[in-house]
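Observations on chain architecture
Here's the letter readout for the chains.
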Amino acid sequence: MQGDEIRALRRLQREQGPSSHVFMTEREGPMTPKAFHPHMLRHGCGYALANAGHDTRALQAWLGHKNIQHTVRYTELSPHRFKDFWR
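Position labels on residues start from 1 in each chain and follow its written sequence. Confidence filtering applies because this is a predicted model: local features only for residues at pLDDT of at least 70, side-chain atom pairs given and counted only at 80 or more, and all residues used for totals across whole chains, interfaces and linings. Hydrogens and water are ignored here; the side-chain numbers use all heavy atoms of the structure.

Describing helix H3 (residues 56-63)
Relative accessibility decides the category of a residue: with a 1.4 Å probe and only protein chains considered, values under 20% of the type maximum give buried, values over 50% give exposed, and everything between is partly exposed. A run of H or I in DSSP becomes a helix once it reaches four residues, and a run of E becomes a strand once it reaches two; helices and strands are each numbered from the N terminus. Of all the positions in H3, only Leu-59, Gln-60 and Leu-63 are classed as buried. End-on, the buried residues of H3 take up no more than an arc of 105°, which puts them together on one face. Seen from the open side of H3, the exposed residues pointing more than 90 degrees away from its buried face are Arg-57, Ala-61 and Trp-62. Polar contact is the term for a pair of N or O atoms within 3.5 Å; when the atoms are in protein, one must be able to donate a hydrogen and the other to accept it, and sequence-neighboring residues count only if both atoms are side-chain atoms. One side-chain oxygen at the N-terminal end of H3 lies 3.0 Å from the backbone nitrogen of Arg-57; it belongs to Asp-55. Note on H3: the residue one or two positions beyond its end, Gly-64, has a positive phi of about 80°. The arc in question is formed by the directions pointing from the helix axis toward the C-beta atoms.

Below is the structure:
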């Protein structure tokens, strides 16, 4: 792990409090393979990047999508999609 990743995990630990698990469910239990698939993390990252205003084509490349339509679903749900649209 690199320095920025370690700092992010330490920040997460400070914000969430002590826990024996890095990622927890909304019910504060550990995420298990039955309840969580790694692809869900990928989706979460895609939505976060879209919400941060990243370009759709850049998202497509980062997510490894061959078809732009697979990436568009992330930007369609972004609450900032039309921010400053008329400026």
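After presenting the structure, the write-up continues.
What to know about a positive patch on the surface
A cluster of basic side chains, namely Arg-7, Arg-10, Arg-11 and Arg-14, defines a positive patch on the protein surface. The topology assignment puts Arg-7 in helix H1 (residues 3-16). For Arg-7, a relative accessible area of 52% gives the class exposed. What goes into a patch is any residue over 30% in relative accessible area without a salt bridge, connected to like charges within 9 Å or, for nonpolar side chains (Val, Leu, Ile, Met, Phe, Trp, Tyr), within 5 Å. Calculation of accessible area relied on Shrake-Rupley with a 1.4 Å probe; when residues are assessed, cover is drawn exclusively from the protein chains displayed. A pair is scored as a salt bridge if a Lys or Arg side-chain nitrogen falls within 4 Å of a carboxyl oxygen belonging to Asp or Glu. The positive count covers Lys and Arg only, the negative count covers Asp and Glu only, and His and the chain ends enter neither. Throughout, a charge is located at the NZ atom of Lys, the CZ atom of Arg, the CG atom of Asp or the CD atom of Glu.

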